[in-house]
Each structure stands twice: as structure tokens, then as C-alpha cells.
Amino acid sequence: MSRWNQKPENPRTWSLKERCLRATALSFPALRNAAVLDLPTDLLQDLLLHLNVCQLNDIQASLNHRGISTYSAWFAILIEMNSFNHAVDFTSVETVRHEVMRLLFQRVFYSVDRGLPRAASNVDPSLLLQASAMSADYLILGNGCKDFERRISEWRPLLKILEERVKRVCISEPTWRSETITTWCVIHRLLDHGVATELVFHSPCPTILARLLQRRGSHQPEQDGELQSPCLQGGCSESQCGNAPPCKREKMETVSMEGSSCGGPTLPLVPRFLCRRFSQVDSPVKEACPRGRIHYLEVRHCKPESFKILTSVLPTFSSLRSLTLYSITSFSKKDVLDLASALRRRCCASPITHLNVGALPEAKLIAVLLESSPSLKSLHVDIQAVVQSLPSSPAPLRTPEPQLPAELPLEELTVQVSELSSDLSVLMSVLRRSPHLTSLSVAGIRLPPPLRLDQLLSTLTECNRRLRKLHLKDLKLFDCLPEVLKLLRSCSLEELDLIDCRLLERSKDKDYSLQMLVDTLKTLPSLHTLRLTRNRLAGSVHALAELFSGPRPSSLKRLDISFNFIQAADLMEFADRLEAFHSPPGLILDLRRNPVHFDRDTWEAATLKLRPLTLLQEEGWSPRLMMADHVSNM
């Protein structure tokens, strides 16, 4: 039986062997694990497809010790829960098992209406929740979490498991009714008593953000009153903030939401009070509660009020290592300059090594952020053009000229551009100063004619030879194929994305140009992922099968040729060549969003030939998509 095939449900179709295996699975609770594990290996492998998720989870370690893989059983469950296209991304027993249990926890804990897989349908909900909670690495709190408070209040052991497992807490839109004190209790237990060090805030309310950040970043001692630097009170200048002594204010026993955008009643949120909610059944709270340390902070819906809170706490928020800020619209230049100033004042705090800001109003601010935080190893920015000011508007702020060091420690850089025309000078300057760069993603750059992107490719070839991951998207590279090939020869890439890059758009001989790319890619033994989505390959796709020909074939594990207007006859030719060249086992081939309906019989014959050779990812095709892709080809 194929590992992703479903088990037959009609009892009349069951063989005697299958009836015995199902009876063994039903009697599993009455049997000792040792009795089941003593079965011959071939019988055990057949039995796996009939066990429920808790049974599989219980004997996982023993089966690993015997060298018996449970991958096929977990893989079949994951397909039923999600899809084959999702399941093929998990290539080991542990990753696919963790994904199954993680999805189960979400569906059980949040009472999601989507049904459970057959392997979990007859399992006691408390056992299923307990087993799946062991794989819960993040927890979402707030609106939309039905029965959340009831589950936490009625089953206290669950909270203990979550404290030991959950690393990321996501706060969505809260509702400030009286019973939401349970939500605050859980937030306190996870962030202050548990292992969670990552916070994702998905709400526009600045009051709640301020409360969540309070004393979870600085190493100030716990006292009767709460220590707060003047910058938190909004009464100091930039020059005073670093040297001003902390001041004491009256102990906050409650947080009032009146007058804020959150609305609602006053909530008592002192840590001791929150823990006392759970100590009524357990043990009384005798010692002061610890305060957790947030290492990763992500703020979505980051409005000016929230931005002001962040820039005020950043200088003393010493535990922070990663900061991600998103906004529906582009941040103002003043906000970004304030952020840079706050980062610059973190002289005594541990450096932030990961920064993600979306979106900047201009590219020059990339250099400003790098200058303000020279220890950054990862920077992700989205640049969005802002509407020009009216003549009567105040003069816009002038962006200061940054002074970048000769060498930056950057290892990962992502630049997404949404402007009609772009200036490469800032990006080129950063790349020349980043010899340690191993991952680069660039998307959407538009240069006014007659400028070309060959300068960018030449800079990468000369200055960034340590690149392992290169993701280029929505770039006009139709006249840059020689520079692309030279860049590929200079690096030992592991992942290469050339998505919507129009590589063959103006080529007189598309087959020959694609063959040149294939010949160069075959010289990269480290390359395991290649994505050529939206490159108008169409009838030239058969040349890609040459990747697996000759004495030194490519070792690719994933090939994405989706959205390429590949028709049935082209796919058949590709399949014939791939069959002749013996592609590597387990190759993931993404064929999604290619036109099937023109010649469905030939397409199905081609995919039938490809299935023994690859793991196919397919998805439907609609006339609307066909027309959009056809116009794009034209």
C-alpha cells in the first residue's frame, strides 16, 4: 500500500489479515506495549496504519530503537488533515509527527470546526489534548479562541504542559470582559513562569502592548514599586535618557482600559494576583513571581501610538534579540528615524541581531537602520513609495547621511520593493560591505531605462561569494543571463529562486538559453532547491530534464515549475526525458497552476508517468488564471 493511500472503510473489503490488525489496534489499551512490539517487523509496519495517534506516539521511541519507521503512518494522517502538497514538505519521521500533533492541538484546543482525522476520531479528548500539547510550540490568545478559558480552568495540568513547551505567545484582539482575566493569567504563566521568550502582538491597542512589555525586557529588580525610566513617562530628551536615574511610581494594582482604544473595565493584573487565580486548587503563592525575558518581539498593526511605546522602551529593553514591525501603510520617515535613534541608544543592552521593518518610505533608510544597529546579522525591509506631499504641506524631513562601517556582520538580507523606480546605490553599498552574507532575497526592483540589473549581479559575484540562498523575484533579468551564469559559478548555492524574472523573455532561442542555465546548475553539487515559477518556460520545459543526465547529474530535491503555462504535450516530453535519465528518488516536483484542461488525457498520462519518479504537487487551474498567465506570456 502506498504511504499516502487511504485505508478502505468498507468492512466487506477487509482481508483476514486486515481484520486481525484492526482487532489488535482496538485491543491496544489492554495489551502491554511489549506484547505489540514483539510482533515481526513486517506485521508491525502493517499495524501502524491502523493505530490511532496516541498509540503511535506512545510506541514511537521503541519503534525507533528497533529501526522501524513510522513515517508512512504519520504521512497518511497529515495528508488527511491537510493535503499532499503540504505533507511533502516534511521529510523525516520527527518533523511529520510534530506537524500532525501540532495541527491536532490547534483543532482540539481551539475547538476548530474542521473534523479530526480518522486516527484521532475515537480517542478520548483529554488524552488527545494532553498528547498533542507536548508538540504545541506556540499559543494564540484572544478573540476567536472558543472554549479556551473553560479548558484552562477545568484542566490545570494542561497549563503546566504548555508552560514547559510553548515558546511563542501570540496575542490577538482581546475582549475585555470580566472573564478574560483567565487570559491574563495564562499570559503571565507562559511568559514569566514558562519557557516562552517570543511575543507576537496582533492588536492595535497600545495600552495592552505597554502592559505586556512592562519589566519583561530589563533586568531591574522587583520591588514594592515599579521602576520606570523617564523615557517611559514621555518626559525626557534623547540625550537625557541614557543617564537619567530610574524613578519610582506607585505600584500598579490594576490596568484601566477606559479612555483607550481597547475599552472595557479595569483589570487587576499584578503577577501575585494572577497566580492566586490558579493557587486556589494548587498551592498558595508565597514568593514574588519572576519576570520573563522577551527575546523576540513582533508587532503587527503598529500604529503611531504603539511605535511611540516601542521607541521609548527599546533603549533599556536589554533582553531583546529580534524585532519585527508591520504596518498596513508605510511608516513615516519620522517614525523610522525615531526607531533608529532608539536602537542607537542601546549602548548597555545586548545587541539586536534580527530586524524586520515593513514598510520603509524610502531605500536610503536601510543604511540608517544598519548604522544605528551595527551588530545586525539579519535585516528584512519592505520599501513602499509614499504619496507626494501637497505644496502647502510642511517640508519633509531630510534623511541624514549614514556612515556605514567598512564591513557589516550581515548574514541575511531581504529587500522587497514596491516602487515604480528604484535606486540601487544603497543596496549596492550594503552588499559591498557584507562579505559574510549567506542569504539574500530581492524582489520588485524597477530601474528606469536604460539602467539594467547587471550591476547588482556583478556586485554579488565580486563581494558575496559565501551566498548559500539566493531568492530573486519579480526582476527583469531577460538581458542578464550571462551575469546570472557567472554569479552561479562563483557561489556554492543550496537554494535558488528565480521567480518571475523573465529569463527567457527576449531570447531568440529559448531552448538554448535554458540549456545554458541547466549546464551551469549541474556544476553546483550543493544545490537542492530550484524554483523557476512564472518564467514563461512553456514548451522549453523539457530542457530541465537534462539536469539529471550525464555522469554528474544534479542532486536537486525540489524543482518548482509552477505557473509556467506548461501544456500537456510539453509535460509528456519532460516526463519521457526524466524517465530516461533516472531522476533522484524523492524529487519533489511542483506542477501547480499549469493548464490541464486543454488536453486532460495527455496531462493525466504524463503525470501517471511522473508519479513513480517524483512526489508531485498539483493544483487546479481556472480560466481566470489561464487568461492572466497567457497575457503575462504575451
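In what follows, the structure referred to is the one given above.
Being a predicted model, the structure only gives us computed values, none of them experimental.

*Asks:* I would appreciate a short explanation of the overall build of the protein chain in the present structure.
*Replies:* Within the protein chain one finds 26 helices and 19 strands. Counting every position in the protein chain, which comprises 634 residues, the buried fraction comes to 51%. Once local pairs closer than 6 in sequence are excluded, the contacts in the protein chain between residues at least 24 apart make up 78%. Accessible surface for the protein chain amounts to roughly 30000 Å². Of this, 52% is attributable to carbon and sulfur atoms.

*Asks:* Just to check I follow, could you spell out helix α25 (residues 600-610) for this structure?
*Replies:* Count 3.6 residues to each turn of an α-helix, and residues three or four apart come out pointing the same way. W603, A606, T607 and L610 are the residues of α25 that are buried. The arc that holds every buried residue of α25, seen down its axis, measures 95 degrees, which confines them to one face. Set apart from the buried face of α25 by more than 90 degrees, the exposed residues are D601 and L608. Against the buried residues of α25 lie α24 (568-581), β18 (587-590) and β19 (614-617).

*Asks:* Would you explain the packing of aromatic side chains in this entry?
*Replies:* Taken as a whole, this structure holds 6 aromatic pairs when the rule is applied. Ring geometry for F109 against Y110: centres 5.0 Å apart, planes inclined by 85 degrees, an arrangement best described as edge-to-face. Look at F109 and you get buried, because its relative accessible area is 0%. A residue is classified by how much of its surface remains accessible, and Y110, at 11% relative accessible area, is buried. Lying over the aromatic face of Y296, R168 brings its terminal NZ or CZ to 4.4 Å of the ring centre.

*Asks:* Whenever I open this one, the environment of L472 confuses me. Can you help?
*Replies:* As for its position among the elements, L472 is in strand β14 (residues 469-473). In this structure L472 comes out as buried when scored by relative accessible area, which is 3%. Beyond its immediate stretch of four places on either side in the chain, L472 contacts V442, L457, L477, D497, L498, I499 and C501.

*Asks:* Help me out: how do you make sense of the packing of helix α5 (residues 71-81) against helix α7 (residues 93-109) in this one?
*Replies:* Pairs of packed helices are described in terms of their axes, by the angle between the two and the distance that separates them. Where α5 contacts α7, the two axes come as close as 9 Å, and the packing angle between them is 40 degrees. Two packed elements cross with a definite hand, and for α5 against α7 that hand is left-handed. Between α5 and α7, the contacting residues are Y71, W74, F75, I77, L78 and M81 on the first element and V93, V96, R97, E99, V100, M101, L103, L104 and R107 on the second. Taken together, the residues that form the contact of α5 with α7 break down as 12 nonpolar, no polar and 3 charged.

*Asks:* Would you mind showing me how to read the pairing of strand β3 (residues 198-202) here?
*Replies:* Regular strands place side chains that alternate from one sheet face to the opposite one. Where strand β2 (residues 168-171) and β3 come together, 4 bridges link them in parallel fashion. Bridge pairing in β3 links R168 to E198. When β3 meets strand β8 (residues 296-300), the two strands line up parallel, connected through 5 bridges. Across the sheet, residue F201 finds its bridge partner in β8, namely V299.

*Asks:* Explain α24 to me, please; I cannot follow it from the model alone.
*Replies:* When the terminal C-alpha atoms of α24 are compared, their 20 Å separation across 14 residues agrees well with the 20 Å that a helix rising 1.5 Å per residue should span. Where α24 is concerned, the buried positions are A568, D570, L571, M572, F574, A575 and L578. Considering only its buried residues, α24 is in contact with β17 (558-560), β18, α25 and β19. Residue H582 follows α24 closely and has a positive phi angle near 60 degrees.

*Asks:* Quick question: what am I supposed to make of the pattern of salt bridges here?
*Replies:* Close approach of charged atoms allows side chains with opposite charge to pair. Summed over the entire model, instances satisfying the criterion amount to 25 salt bridges. Among the salt bridges present, the one from D474 reaches R502, with a minimum N-O distance of 3.6 Å. Pair noted here: D474 is in the loop between β14 and α22 (481-490) and R502 is in the loop between β15 (495-499) and α23 (510-521), with a separation of 28 residues, a long-range link. We classify D474 as partly exposed; its relative accessible area is 23%. For R502, a relative accessible area of 14% corresponds to the buried category. The partner of K609 in a salt bridge is D576, and the shortest N-O contact between them spans 2.6 Å. You can see K609 sitting in helix α25 and its partner D576 sitting in helix α24, a full 33 residues away along the chain. Here K609 falls in the partly exposed class, since its relative accessible area comes to 27%. The structure contains a network of salt bridges with shared partners spanning R446, D474, D500, R502, E505 and R536.

*Asks:* It is not clear to me how unusual backbone geometry should be interpreted in this structure. Could you clarify?
*Replies:* In most cases, non-glycine residues show a negative phi, while peptide bonds are predominantly trans. Cis rather than trans, the peptide bond between G358 and A359 has omega equal to 20 degrees. You can see A359 is positioned in strand β10 (residues 354-360). One non-glycine residue, R215, lies in positive phi territory at about 55 degrees. Along the chain, R215 falls in the loop between α13 (206-213) and β4 (226-228). One non-glycine residue, F563, lies in positive phi territory at about 55 degrees.

Reading the values: the criteria
- Residues numbered from 1 in each chain as written.
- Predicted model: local features only at pLDDT ≥ 70, side-chain atom pairs only at ≥ 80, totals over all residues.
- Heavy atoms only, no water.
- Helix = DSSP H or I, 4+ residues; strand = E, 2+ residues; numbered from the N terminus.
- Buried < 20%, exposed > 50% of the residue type's maximum accessible area, 1.4 Å probe, protein only.
- Contact = heavy atoms within 4.5 Å.
- Areas by Shrake-Rupley, 256 points an atom, 1.4 Å probe, with all protein chains shown as cover.
- Arc of directions from axis to C-beta.
- Phe/Tyr/Trp six-rings, centres within 6.5 Å; stacked < 30°, edge-to-face > 60°.
- Lys NZ or Arg CZ within 6 Å of the ring centre and 35° of its normal.
- Axes fitted to C-alpha atoms, helices over the stretch in contact; angles between N-to-C directions.
- Left-handed = near helix turned anticlockwise from the far one by under 90°.
- Nonpolar A, V, L, I, M, F, W, Y, C, P; charged D, E, K, R; others polar.
- Pairing = 2+ DSSP bridges.
- Expected span 1.5 Å × (residues − 1).
- Salt bridge = Lys/Arg side-chain N within 4 Å of Asp/Glu carboxyl O.

Honestly, that's just the spatial picture; any functional story needs more than this.
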